Structures are given as C-alpha cells and as structure tokens.
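# Topology and contacts: notes
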Amino acid sequence: MHWSEEIAAKIIAKRPDKEEYVCAAGISPSGSVHIGNFRDIATAYFVCKALRKAGKKAKLLFSWDEFDRLRKVPANVAAVRDDFGKYVGMPYVDAPDPFGCHDSYAAHFEAEFERSFAAFGIDIEFRRQAEEYRSGRYAEQIVHALRHRHEIFDILDSFRTQDSTAEEREGYYPVSLYCAECHRDTTHIISLSDDCTQAVYECKCGHKGKIDFTKDFNCKLAWKIDWPMRWKAEGVDFEPGGKDHASPNGSYQTSRIIAKKIFDYEAPEFQGYEFIGIKGETGKMSGSSGLNLTPEVLLHIYQPEVILWLYSKSEPLKAFDFCFDDGILRQYNEFDKMYTAVKDGTADDYVQGIMYNCLIDGREFETVPMSQLVSLGSIVDFNPDMVATIFEKIGTPYTVEQFASRLELAKFWAEQCSPESLNKLLTKRNWNYYLTLSDESKKEIEVLREYLLNNKNCTLDELNTFIYSVPTQVRGELDAKAKKAAQGEFFKNVYQLILGKERGPRLYLFLYSIELESYAWLLDFSGEPEKEDDNTAAASCLAEDKVQTEPDEIPEMRGEITLDDYEKMDFRVVKVLECEEVKKSRNLLKLTLDDGMGGRVIVTNIRGIYTPEQLIGRKIIIIANLAPHKFSGVVSCGMLMAASNGSCGTKVIFVDDSIPAGTRL
C-alpha cells in the first residue's frame, strides 16, 4: 500500500460518513515558490487521489497566504529595487510588484508559480487569504479568538520553556492589525472593548486609530490561531507541513489543541515532510532568499511526470535530491523502468501505487532513453531529424514526435547544467595525445580505422565484437584481468582522439551512429604533425567541405501572443564591462554588465564563438526580467540575445554605442 493510501485510510476511519473530504495545502508568496514548497502540494494531492481511489469524493484546496506580512526582501528583488525594504511589514498583497508586471508583490510570485503548476495537471481549488479576510468571512472567528485570548495565551504558554508574567497574559492579543496610515503591522492594541468587537491601537509610525472587528477587516489572526480557524472554516481533513511543524513543540501540536479547545474542531490528519535538496548542495531552501529552484526552472530539465514521481516514491519524511549532475540520468532510467512495468502489466502493487500518482491525464510520452538523447544528440547539435536518423540506424526507430519534448530537456540539461557531458567532435587531430601513446596503442588506432573504412556496411553487433577484440589482435592473448584493462585503455584512447576526453557514450554505439566521414579522419595519423597545423581537415582522405553556404530554412512562426504577453518582456541595452570564462565549463562565459541600474551578471554559452576581447566594451541586448538561474555555480540575471543560422553560426546582436546602457527596447 502506498503511503498516501495509508493516510487516506486514517482519514476515512476518522470521519467515515463525510460527503466530501478536503485536503489542504498553503504557501506564503514570500518569493519564488521553490521545489521544497511544492512538496506541500504534492503530498496533499497524492492523499486526495488516494481518497478518490477509495471511492470517496475529495477536493484539493490551496491557500495563498498573501495576507501575511513581508518579512524580508529576497535577493532577486533587492537586485532590482534597492528601496524595497520600506515595504517590510506590509501584507504581500499590498506591496507593489518590484518587477512592474503585476498588480502586487503577491500577484507576481503567485502567477510565476501558477504558470508552472498547470504542467502537472492537478485539479485544485485556490483560496486567496487577503480576499477571504477582507471580505469579512472570518470576522466572527476573530472576535471569538479575542474573547478567548487568555485561554489561547495559556495554550501557547504551555509549550514555552520560560515562565510568563501576568502582564504578558493580560497584554496578549491573537490578532495583528495593519496600520491605516503606513499599512504595516507595526501596531499594538492599547485597549479592547468589553465585547471584544472594537479596539484602539497605536503604530510605530506614530498613528493612533480605532478598529471595529465587525466592519473593519484589515487585520489577521496570528499563524497558530489562523491555521486551526481555517481548518474549521474549510472543513479540512488532511494537511501536511514541514518537519519543523511536526516537532513536539511545533505549530501543528499547538494548533491542534487550539482547534479543539477554542474552535471546537478536531484537527485534521497531519503529515510532516522532509526538505528537498539539490545534489551537491545542502541546507533548507528559502523562498524569501531569492536564490532557489522553482518548479518552473525544474521543468527545463525534468518532465512533469518525473517530478511527481520523485515526490511519490519517497515517503514524506524521507529526503531526496533533485539532480543537476548526471544523477538525473539515473533518475530518468529508474522512472522509465517503472513506467514500462506498469504499461506491460508486470509492476507490483508498490510500483503501481507510485506511478498512479505521477501520470497526467491527457499526456502521452515515450520512454526514449535520456542518456542516449544527451550523448548522441550532442554530436548532431540536438537536431531532431538527425537524432531520428541515428535512432533508426541503431535499430530503435523513435520518431521526432516521440522524443522531441525529451530532446529539449536533454539539450537544456547538457548545455546549461552539465557541459562536460556534451560530446563534440574535435576540429583537428589530437597529435599531442597521439604522440604519448605506446606503439601498441598506436597500432590499435590504426587497426580500428582500417576496419571502419573497409567495413562500412557492418552491423552494430559486428562492430561491437570487433572493437572488443582489437587489443588482443594487437597484443596477443591476455588473461581476463589484463584483457579488460587493455580494452579500457583502448576505449579511452579512442575517446581522447575523437572527443578530447577520457569517456563518452558506448563506443560501438557512438561509432556506428554518426557518419564515418565526420570522425574517421581524426584517427588518421599517417601524415606529419607540422602539416596538420596548416589544414587538418584537408589532410583527410574522407573529409568533405561541410560548410553550409545556404541559410537554414525559415522556421514556422511561433504561436500568436497578445500585447499583454509582449509587455511582460523587458529587453534592455547593456554594456559589457568584463568577460571571463566560467570554471568547470567548456562553453560558458560570465559577462559583467552595465545595465544603467547598478549592474548585473549574466552567463552565456558563447565561449569558443567569441573571445572576451570581442565583447568587452560592446553594447548588446538582454532580456532583463528573466528569473535568475545558476549555471555552473554562477547566478545569471538575464539572457543575451543572439541569432543562430547554419550559414553563419551564432552571432551576438550588437547595438549602436550611442544608445545609453539601460535603455529599454
């Protein structure tokens, strides 16, 4: 039984006759909603599905806690608004959008998340708590809490380790008031009417005011009172929370007592969950830090089913990582095995339970191996038609339609997250490496090349058998251990001479997949090194002039956008101040820019196409309001604009130097 089904069984046992069960989740839009927050939704979603699977009616309720106060300014907000600290203490819904594209701070980050949320096909009912509070929906509950404020204080106090005073108890109020003058919650209640419907307050800004809780709704219950109040208001049966909420003195234990004693409601089933990590990084991610990974970012490398699968297969209190290294390839491989088992009917109950949660209605996909899309796709610059040709050649004839979406994910991951995994043919013979080889190793390279030239129509199996036999053909019979070592050394040498690195895709598959003419000349060392320096490719008997003289075919127009869509894009002219290579990357450059607003850094994959000298001092165009993203350890705040065509390669768009930095297009 899947863990979500076990929770569902407890819920049903607790309230067996309920007409519709409510699974709830909630997030405060303090910044970009990161993948740790998403576990809140995924956990509630899976339990909701388990209830439906059991034949019960259930809904998933999601609250935007946008009426909470802005606590601090995230890094990505501070990067565009150095004065945003003045809004700390205001509700998220009342603070302006620092990026200028939505009605409020809350609306900006809510929209950012909801865009990516649609990809998961989750049926969800939204609540916006600013609307709920300001509509007066909770007015009676607020007055009720005020009337029981001493009882609430005693419950809260029972979880504290320090003794309280009578003055603290008398001066406690379970509600925060937003000042009518400065709109912050830096207020304190001076007096409360006997019926607890009216109060006089004073704010740090100097303003004094009155509030009638039956008519004025610019106030909010404190979190540990607000939570149980809403459980009753919505009839919540299940809600998860971070493991800190699940601790003995955590929010849930406190709130469940308040729910029962103050609001006469039995607390819902609760499940704590572990935080999510990034492989190679540790620590709890924070939405208010501005440096986090959102579902929208993950969807550039993970298909939505795989994201849901990672949450589904891990029990809530078990941590797991999203992988930006080659661990992602192993995750895809494991997912594909489970998906295939379900489709062919061989999956056990455990696997079926996991996969039930992550398949999205209306979406079909093929489990085209992600590792092959990366290793083979990079050789042909991820050209879909050429990748299809390779698949047909090796006997797995996937169509472009079957692998197109995964190919885009593979390309993004390889180029942006793991450039070292790219397999690019060398553009000249690797004489420096070849001259270090022993005579036997050189002979092995010669034997391989001659076989390839004389057996162009060999089968994949024949090529595989031959490659493994090369070391013994040259060195004679070897014992098992020596034979394996010699084969490994031979493979490494071939990779170095063709790709310039020690490892690559399966050698027989790689050599069989791509055109012989594109690499055979890299194995030909019959000439002199000095001549190779003049014109390496021309010295090859197989090399052909592959320079494309005609431009690429004009692609079809993308889908039509509205003027509102266009207005969201912020194109800016910037000046390149500094340019340096990104360590541990083969194709990334770090550009320090003058954007007229204090400067920024972007990362771009044009290393090898442009030198720093060609860029420094020039003015270019970037998309300035693209969400920050980390590439090879460097945070990029924007995207460079360039054009790419087979007849000219990639060309950066430079602009007239007279245009001031920061000018918007």
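Because the structure is predicted, anything quoted here is derived from the model rather than measured. (Residues numbered from 1 in each chain as written. Predicted model: local features only at pLDDT ≥ 70, side-chain atom pairs only at ≥ 80, totals over all residues. Heavy atoms only, no water.)

Time to look at the overall build of the protein. When helices and strands are counted, the protein shows 26 helices and 21 strands. Seen along its three principal axes, the alpha-carbon backbone of the protein occupies a region of about 100 × 65 × 50 Å. Within the protein, buried positions represent 48% of all 665 residues. Only carbon and sulfur atoms are counted for the fraction: they give 48% of the accessible area of the protein, which is about 32700 Å². Distance from the positive charge centre (81 side chains) to the negative charge centre (105 side chains) of the protein: 4 Å. (Helix = DSSP H or I, 4+ residues; strand = E, 2+ residues; numbered from the N terminus. Buried < 20%, exposed > 50% of the residue type's maximum accessible area, 1.4 Å probe, protein only. Areas by Shrake-Rupley, 256 points an atom, 1.4 Å probe, with all protein chains shown as cover. Lys, Arg positive; Asp, Glu negative; His and termini not counted. Charge placed at Lys NZ, Arg CZ, Asp CG, Glu CD.)

Let us now look at the sheet that holds strand S14 (residues 589-594). Ordered by their spatial adjacency, five strands build an open sheet running S15-S14-S13-S16-S19, and the pairing between neighbours is antiparallel. Because the sheet does not close on itself, it has two edges, and the strands there are strand S15 (600-604) and strand S19 (639-640). In the sheet, strand S16 (residues 619-623) pairs with S19 via two bridges, with the strands oriented antiparallel. Paired with Ile622 across the strands is Leu640, a residue of S19. (Pairing = 2+ DSSP bridges.)

Mapped onto the elements, Ser314 comes out in the loop between helix H12 (304-313) and strand S12 (321-322). Of the polar contacts made by the side chain of Ser314, one reaches the backbone oxygen of Leu310; its length is 3.1 Å. When near neighbours in sequence (up to four residues on either side) are disregarded, Ser314 contacts Trp3, Arg39 and Phe320. (Polar contact = N/O pair within 3.5 Å; in protein donor to acceptor, adjacent residues only side chain to side chain. Contact = heavy atoms within 4.5 Å.)

Another aspect to go through is the confidence of the model for the protein. Mean pLDDT over the protein stands at 90; residues scoring 70 or higher make up 94%. The low-confidence segment residues 280-291, where pLDDT is below 50, has 27 contacts with residues more than four positions distant or belonging to other chains. Of the regions scoring below 50 in pLDDT, residues 532-549 engages in 20 contacts with residues more than four places distant in sequence or in other chains. (pLDDT = per-residue confidence, 0-100.)

Here three strands make up an open sheet; going across it, the order is S5-S6-S7 and the pairing antiparallel. In this open sheet, the two edge strands, each paired with only one partner strand, are strand S5 (187-192) and strand S7 (208-212). The average undirected angle you get between the axes of adjacent strands in this sheet is 30°. (Axes fitted to C-alpha atoms, helices over the stretch in contact; angles between N-to-C directions.)

If you check the backbone angles, Asp381 has positive phi at about 55° while not being a glycine. Looking at the element boundaries, Asp381 is found in the loop between helix H15 (370-377) and helix H16 (384-393). Phi at Phe382 takes a positive value of approximately 55°, unusual for a residue other than glycine. Looking at where Phe382 falls in the secondary structure, it is placed in the loop between H15 and H16.

With that out of the way, let us pick up the pairing of S5. Two strands pair when backbone bridges link them, and S5 and strand S6 (residues 198-203) are joined in this way by five bridges, in the antiparallel orientation. Within the sheet, the bridge partner assigned to Ser191 lies in S6 and is Val200. Between S5 and S6, which follow one another and run antiparallel, lie five residues, and Cys196 among them has a positive phi close to 60°.

Glancing now at the nonpolar core. Counting residues in each nonpolar core, the largest one holds 119 residues, and the members touching the most others are Phe38, Tyr302, Tyr311 and Phe322. Here the element with the most residues in this core is helix H2 (residues 35-53); it accounts for 11 residues. Discounting chain neighbours no more than four positions away, the residues touching Tyr302 are Ile307, Leu310, Phe322, Cys323, Ile328, Gln331, Tyr332 and Leu409. In terms of nonpolar packing, the next biggest core, distinct from the first, is built from 32 residues, Leu192, Ile211, Phe213 and Met229 among them. (Core = buried A, V, L, I, M, F, W, Y, C linked by side-chain atoms within 4.5 Å.)

The next point concerns the packing of H15 against helix H17 (residues 400-417). Running from N to C, H15 and H17 cross one another at 65°; their axes reach a closest spacing of 9 Å. In this structure, the crossing between H15 and H17 has a hand that is right-handed. Within the contact between the two elements, H15 uses Met370, Leu373 and Val374 and H17 uses Phe403, Arg406, Leu407, Leu409, Ala410, Trp413 and Ala414. Classifying every residue of the contact of H15 with H17 by side-chain character gives nine nonpolar, no polar and one charged. (Left-handed = near helix turned anticlockwise from the far one by under 90°. Nonpolar A, V, L, I, M, F, W, Y, C, P; charged D, E, K, R; others polar.)

Turning to a nonpolar patch on the surface, a few remarks are in order. A cluster of nonpolar side chains, contributed by Ile561, Leu563 and Tyr566, occupies part of the molecular surface with about 340 Å² of accessible area. Considering the arrangement of structural elements, one finds Ile561 in the loop between helix H24 (529-534) and helix H25 (563-567). On the accessibility criterion, Ile561 (54% relative accessible area) is exposed. (Patch = residues over 30% accessible without salt bridge, like charges linked within 9 Å, V, L, I, M, F, W, Y side chains within 5 Å. Salt bridge = Lys/Arg side-chain N within 4 Å of Asp/Glu carboxyl O.)

Let us look at the side chain of Arg149. Considering the arrangement of structural elements, one finds Arg149 in helix H7 (residues 149-157). For Arg149, the side chain forms a polar contact with the main-chain oxygen of Glu170, separated by 2.9 Å. Discounting chain neighbours no more than four positions away, the residues touching Arg149 are Arg169, Glu170, Tyr172, Tyr173, Pro174 and Leu192.

Now for the pattern of salt bridges. One pass over the structure, following the stated rule, counts 37 salt bridges. A salt bridge links Arg475 to Glu440, with the shortest nitrogen-to-oxygen separation between them at 2.9 Å. One end of the pair, Arg475, is in helix H20 (residues 460-475); the other, Glu440, is in helix H19 (residues 439-454), with 35 residues separating them in the sequence. Judged by relative accessible area, Arg475 falls into the partly exposed class, the value being 27%. What emerges from the salt-bridge pattern is a single network uniting Lys59, Glu125, Arg127, Glu132, Arg137 and Glu234.

This paragraph deals with the packing of aromatic side chains. Summed over the entire model, instances satisfying the criterion amount to 44 aromatic pairs. Taking 5.0 Å as the distance between ring centres and 90° as the angle between the ring planes, the aromatic pair formed by Trp431 and Phe525 counts as edge-to-face. Taken as a pair, Trp431 in helix H18 (residues 431-434) and Phe525 in the loop between helix H23 (516-519) and H24 lie far apart in primary sequence, 94 residues in all. Like Phe525, Trp431 is buried. In this structure, Arg128 is placed above the aromatic ring of Phe126, and the distance from its NZ or CZ to the ring centre is 5.8 Å. Taking the ring centre of Trp309 as reference, the NZ or CZ of Lys313 above it sits at 5.1 Å. (Phe/Tyr/Trp six-rings, centres within 6.5 Å; stacked < 30°, edge-to-face > 60°. Lys NZ or Arg CZ within 6 Å of the ring centre and 35° of its normal.)

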